[in-house]
Amino acid sequence: MGTYGSLEAAGPVLDALGDPTRRVILETLRTGGPCSVGVLAERVPVSRPAISQHLKVLGAVGLVRHESRGTRNIYRVHQAGLEELRSWLDQFWGDALQAYADHVERTARQTEEERT
């Protein structure tokens, strides 16, 4: 069973990913690799200042990291930032697997009882 605490931990990441532009930015970084705000602005149809603000939110929840290269910052997906969300989502998978195992056990027990 999941706990409220794990939802609290995943909550900021879910909130950040609730914005479709931030999801597009994260997906663009995931598929296109590390890049600058300027390159992201070429790939995502929003202004550079908007990209910067979205990156700030994604960075605050640990989904992206950046490194300075001269006057530019290069942004990349930070996989560890997804751990809280992954852990929370895995609870659903664990619950589903447990429900399936319980069903199989009940069915086997009923089949055995019908044979005797």
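Rules behind the numbers
- Residues numbered from 1 in each chain as written.
- Predicted model: local features only at pLDDT ≥ 70, side-chain atom pairs only at ≥ 80, totals over all residues.
- Heavy atoms only, no water.
- Helix = DSSP H or I, 4+ residues; strand = E, 2+ residues; numbered from the N terminus.
- Expected span 1.5 Å × (residues − 1).
- Buried < 20%, exposed > 50% of the residue type's maximum accessible area, 1.4 Å probe, protein only.
- Arc of directions from axis to C-beta.
- pLDDT = per-residue confidence, 0-100.
- Axes fitted to C-alpha atoms, helices over the stretch in contact; angles between N-to-C directions.
- Parallel < 35°, antiparallel > 145°, perpendicular 65-115°, else oblique.
- Contact = heavy atoms within 4.5 Å.
- Nonpolar A, V, L, I, M, F, W, Y, C, P; charged D, E, K, R; others polar.

By the naming in an unreviewed UniProt entry, the protein goes by DNA-binding transcriptional ArsR family regulator and is assigned to Kribbella shirazensis.

Got a minute to help me understand helix 4 (residues 48-60) in this structure?
Because an α-helix packs 3.6 residues into every turn, residues spaced three or four apart end up facing the same way. Between its first and last C-alpha, helix 4 extends 18 Å over 13 residues, near the 18 Å set by a 1.5 Å rise per residue. Within the sequence span of helix 4, burial applies to Ile-51, His-54, Leu-55 and Leu-58. Here the buried residues of helix 4 occupy an arc of 105 degrees about the axis, which is enough to place them on one side. Of the residues in helix 4, the exposed ones pointing more than 90 degrees away from the buried face are Pro-49, Gln-53, Lys-56 and Ala-60. Once helix 4 ends, the next one or two residues include Gly-62, with phi positive near 85 degrees.

Honestly, the confidence of the model for the protein in this entry has me stumped. Any pointers?
Detail in the predicted coordinates should be disregarded across regions flagged by low pLDDT. On average, the protein scores 88 in pLDDT, and the residues at 70 or more come to 94%. Model confidence for the protein, summarised as mean pLDDT per element, is weakest for helix 1 (residues 4-17) at 78 and strongest for helix 4 at 97.

Would you explain the packing of helix 2 (residues 20-32) against helix 4 in this entry?
To characterise two packed helices, one gives the angle between the axes of the helices and the distance between these axes. For the pair helix 2 and helix 4, interaxial distance at closest approach is 10 Å and the crossing angle is 80 degrees. The orientation of helix 2 relative to helix 4 falls into the category roughly perpendicular. Here Thr-21, Arg-22, Ile-25 and Leu-29 of helix 2 lie close against helix 4, whose contacting residues are Ile-51, His-54, Leu-55, Val-57 and Leu-58. Its residues assigned to classes, the contact of helix 2 with helix 4 shows six nonpolar, two polar and one charged.

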